[in-house]
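In case you want the letters, here they are:
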Amino acid sequence: MTVRSTAPRHAETPPAGYRPAGRGARRLTAVTLALLAACSGGGVTSDAGGGSSGGGSGGSGGGGQAGGWGRALSITPAFDVLHTAPQSVTDTVRVSIPFPEGMVHDLDRVGVAGRATAWEGLQRWPDGSLRVAQAQFTDDFASGQAASYEVVQDVSALTGGFSPNDWVRDHGLGLRFKVRVRDTNSKRYEAELAAYGGEVLQESPLVRVSRQRVFHQPAENGCIPRDFLTSTFYVHEFRDVPLVTVDWVLGNDYLGADNPNGSTDPNLYPLGGVDVNEASLLFRGATEVRAYMGDLHAVDAPAQEGEWTRFGAMRDTYIDDGQTRRYRFHVLVAHPNASQEVLGHWRDTLTARAESAPFGLCDIETWQLSMGLGLHGGPIDAPSDAEARATADWQRFVGDADNLGTWGAFGDVKRTNTSGTPRNTTVSWEAAHAIQARSREKLVMLEHKAWAQAMRTCHLFGLEIPVGGDLYLWYPMALAPGQPDITPETLGRRALWGNDPYPHLRTRVDYRGNGWNGYDSNHWSLDALFDYWTLSGDPWAREELRQLGQSLKGQMRLEQFPTSNIRNARCEGWTMVSFVQSYLATGDESLKQYALRRIEEIVEPNRRKDHPARMIHEHDHDPRYGVGDNTTAFPPWEHASVMLGYLGAYKYLGSETALRIAEDVVTTIDYSWVSDYTNPRTGRYYEHGIRYATPVRHNGQPVPADYRDQDPTLGANIGGQGLNSVNQFFVAGLSVMPYYSTDQTVLQKAEWQRNLLLPDPSDSDRWNKWFLVCPQYYTALQNLGQ
């Protein structure tokens, strides 16, 4: 693979048959131009059509616009739109474009070559330049096509406000939603609202996303005298297509308060886990509605109830305190006089959205050169059989019944504290593998794994944690039955469970979240959510990252509670990764300042800088460490997360202290390294190895790392076969250290360690989550330096 030329490659009007850099950027085909001869309102007219559709014939309902061809950026992002559905469609796609630091500060003169482009900024580098931005444009896609595009400069991006699609504006204003939920006695609670008019979260000339939240009210005699669960709607509107996307989040996400002071805000009065006999979403005012991948989510086929179309989503189950469930629906709003040809085209587009929506994805070279994935870039070059691996992963995903249905795992591990670090990684498997294999299926897996986080019992709508205060969220919820009462403020839960007013509504509830728990500090991981936000710009994901960042503040307290003392290395490392991810996604300054205080006030003063290993924390005696009785120790492998989190804090939060802490992990590894060693108990020889646990003190007195090495009953406790197993965790942090540190002693040690830990990656290594971030093996970066 070679780096694309940085020289200007084409004039503003390209010659016939022009293909930017051989990438095949496309204009609308002649067939679709004829079909879409009249575009929707808004934007600048072009050779792809324009003006109002209007008229008694119904017009076309929408269509895209051609754009300028510009000239190459210094590094030209390239991407494909992957469309696998059998239908040929026209749709507005939203694809995330990563940019190297410092390259793009303003998007007004940047766009997709040949397509009129609007933008939504998602992340910025510390210097204020764009790290990731979402390109939005409309095009037509043939069945089974991977359409290729490039991003260029010196074109005019679409700017200004959103203009509704003509058909939706003229014939879709009556679009309404109604939610129906039933308690364990089948008593009905409902809420109804108009589709439009909520809080605008994102707006460009092509796309607008708004949010509304409602509480379901009693609708018949016998209901309890209060609201019953919540519904939050994210409504996506599109200028160029007569479709509306609706994300519905059914929730038990009451914030609550111990002392609401007579407030009439329903959000301050928790309901607690309750039985749900039915949960249905109904639509009125649409031509047709389809559930997105409804078979995976156990959504019933649509049923007519007079003017309403009903989709059943839950039955005979329960929803726990702090638990939610996300669904997606696609809506077609058609002109009543539309021709059958035009209407059929939009029905095909609706079907494709519901069953196999087009996904846009930048190529691996773009991601490697931009360093825009996760916190530290990636992924490593693909294995030779990446496509086959991705296909096998997808088949396992859809073939595993435990993944699917109302409370399915969707590829995740429901209990975050499951041993073996199944949720922690360097960057999410699904995102990296999707890029490596150019796999639409892996993108769907990432999407569903991210959506599954809605089911974790940690949702408190509107949560904002002050630096001080009496709330401690060590458990996902402030308090639940059977859980220790450890926090003065319980957000109304102590009163609820002390004198439960509705025990008859909880016949199925076992307070186990249908198998899902919240986030525990030793395994805290937002990777799937963060990478999904990066690749989708989904506003719900951003709100999840904001709320979980606040939850993390409530767990990793700075004063009063147990976490105001330094925790073990993996806890401090993984939580710092998540602090940085939450801040990058939201720009919430309170998250940044809290993380910086954690570094300066808790970790830096209390880590063991006085010890030659410079480890984070000395653990009390633990027989699992195998270092002998009355002996304290530390596990080196836990420090891998410290490199990832604290290098991120240095880069994105500006903490020089964080850099020193991350650099000291190289010393921690070096101190725990063994070479040319034979274990006297097992007889196994190690050319090189890293201890699973390293002794610190025996009977209170300092001891060296090799204190038990020659003890015939113990020997050194080496991780795995020496350098594999848990020691693989170190590779990513050691690999990216040269991008942050300038300490030559640190860098020389880090290079020596990494070369032994991953000397020459095999195909299996290139699919291994611990090796996905390893710039030494990025072809694009190596070519860039030539």
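The structure reproduced in this document is the subject of the present report. This is a predicted model, so every value here is computed, not measured.

### A word on the nonpolar core
Counting 183 residues, the largest nonpolar core has F79, F99, W119, F177, F233, W248 and F329 as its most contacted members. Ranked by the residues each element gives to this core, the list is headed by helix 11 (residues 569-586), at 10 residues. Not counting residues within four places of it along the chain, the set of residues in contact with F233 comprises F177, V179, L193, S210, R211, Q212, V214, V246, D247, W248 and L281. L206, V209, F238 and A338 belong to the second largest nonpolar core, which has 17 residues in total.

### Here we look at the sheet that holds strand 14 (residues 243-251)
Remark on secondary structure: sheet strands pair via backbone hydrogen bonds, oriented parallel or antiparallel. Pairing is antiparallel in the open sheet, where six strands are placed in the order 10-11-13-14-19-16. Strands at the two margins of the open sheet, each flanked by one partner only, are strand 10 (199-203) and strand 16 (288-291). Each strand of the sheet is rotated relative to its neighbour by a mean of 20 degrees, with strand direction disregarded. Note that strand 13 (residues 230-238) and strand 14 share eight bridges and pair antiparallel. In the sheet register, S231 faces strand 14, and the bridge partner there is L250. With respect to the sheet, helix 3 (residues 340-356) is in contact with strand 13, strand 14, strand 16 and strand 19 (324-332), its orientation differing from that of strand 19 by roughly 165 degrees.

### Things to note about the pattern of salt bridges
Evaluation of the coordinates by the stated rule reveals 56 salt bridges. E305 is paired through a salt bridge with R180; the nearest N and O atoms lie 2.9 Å apart. Of the two residues, E305 sits in strand 17 (residues 303-305) while R180 sits in strand 8 (residues 176-182), which places them 125 residues apart along the sequence. Here E288 makes a salt bridge to R347, at a shortest N to O gap of 2.2 Å. Pair noted here: E288 is in strand 16 and R347 is in helix 3, with a separation of 59 residues, a long-range link. Among the charged side chains, a salt-bridge network with shared partners connects R180, R182, R188, E190, E220, E278, E305 and R310.

### A few points about the packing of helix 10 (residues 539-555) against helix 12 (residues 589-606)
Direction vectors running N to C along helix 10 and helix 12 enclose 30 degrees, while the axes themselves pass 10 Å from each other. Considered as vectors, helix 10 and helix 12 are oriented roughly parallel to each other. Crossing of helix 10 over helix 12 shows left-handed handedness. Counting all contacts with helix 10, which are made through G549, Q550 and K553, the residues of helix 12 involved are S590, L591 and Y594. Tallied by class, the residues present in the contact of helix 10 with helix 12 amount to two nonpolar, three polar and one charged.

### Let's talk about the pairing of strand 13
Buried residues dominate strand 13, accounting for nine of its nine residues. With burial as the criterion, each face of strand 13 is covered, one bearing T230, T232, Y234, H236 and F238 and the other bearing S231, F233, V235 and E237. Alignment of strand 11 (residues 207-215) against strand 13, held across nine bridges, turns out to be antiparallel. Each residue of the ladder has a partner; that of V207, found in strand 13, is F238.

### Observations concerning the side chain of N517
Within the fold, N517 resides in the loop between helix 8 (493-498) and helix 9 (527-536). Judged by relative accessible area, N517 falls into the buried class, the value being 9%. A polar contact of 2.9 Å, which involves the side chain of N517, links it to the backbone nitrogen of T416. Those residues in contact with N517 that lie beyond four places of it in its chain are K414, R415, T416, N417, R456, T457 and P476.

### A short note on helix 13 (residues 640-653)
Here helix 13 is 14 residues long and its end C-alpha atoms lie 19 Å apart, about the 20 Å a rise of 1.5 Å per residue gives. Of all 14 residues that make up helix 13, 12 are buried, and the element is covered over most of its length. Regarding helix 13, the residues found buried are A640, S641, V642, M643, L644, G645, Y646, L647, G648, A649, Y652 and L653. Within two residues after helix 13, G654 carries a phi angle of roughly 75 degrees, on the positive side.

### What to know about helix 5 (residues 386-399)
Taking 1.5 Å per residue, 14 residues should reach 20 Å; helix 5 reaches 20 Å between its end C-alpha atoms and fits that length. All of the buried residues in helix 5 are A386, A390, D393 and F397. Down the axis, helix 5 shows its buried residues gathered within 60 degrees of arc, on one side only. Opposite the buried face of helix 5, at more than 90 degrees from it, the exposed residues are E387, A388, Q395, R396 and G399.

The rules behind these values
Residues numbered from 1 in each chain as written. Predicted model: local features only at pLDDT ≥ 70, side-chain atom pairs only at ≥ 80, totals over all residues. Heavy atoms only, no water. Core = buried A, V, L, I, M, F, W, Y, C linked by side-chain atoms within 4.5 Å. Buried < 20%, exposed > 50% of the residue type's maximum accessible area, 1.4 Å probe, protein only. Helix = DSSP H or I, 4+ residues; strand = E, 2+ residues; numbered from the N terminus. Contact = heavy atoms within 4.5 Å. Pairing = 2+ DSSP bridges. Axes fitted to C-alpha atoms, helices over the stretch in contact; angles between N-to-C directions. Salt bridge = Lys/Arg side-chain N within 4 Å of Asp/Glu carboxyl O. Parallel < 35°, antiparallel > 145°, perpendicular 65-115°, else oblique. Left-handed = near helix turned anticlockwise from the far one by under 90°. Nonpolar A, V, L, I, M, F, W, Y, C, P; charged D, E, K, R; others polar. Polar contact = N/O pair within 3.5 Å; in protein donor to acceptor, adjacent residues only side chain to side chain. Expected span 1.5 Å × (residues − 1). Arc of directions from axis to C-beta.

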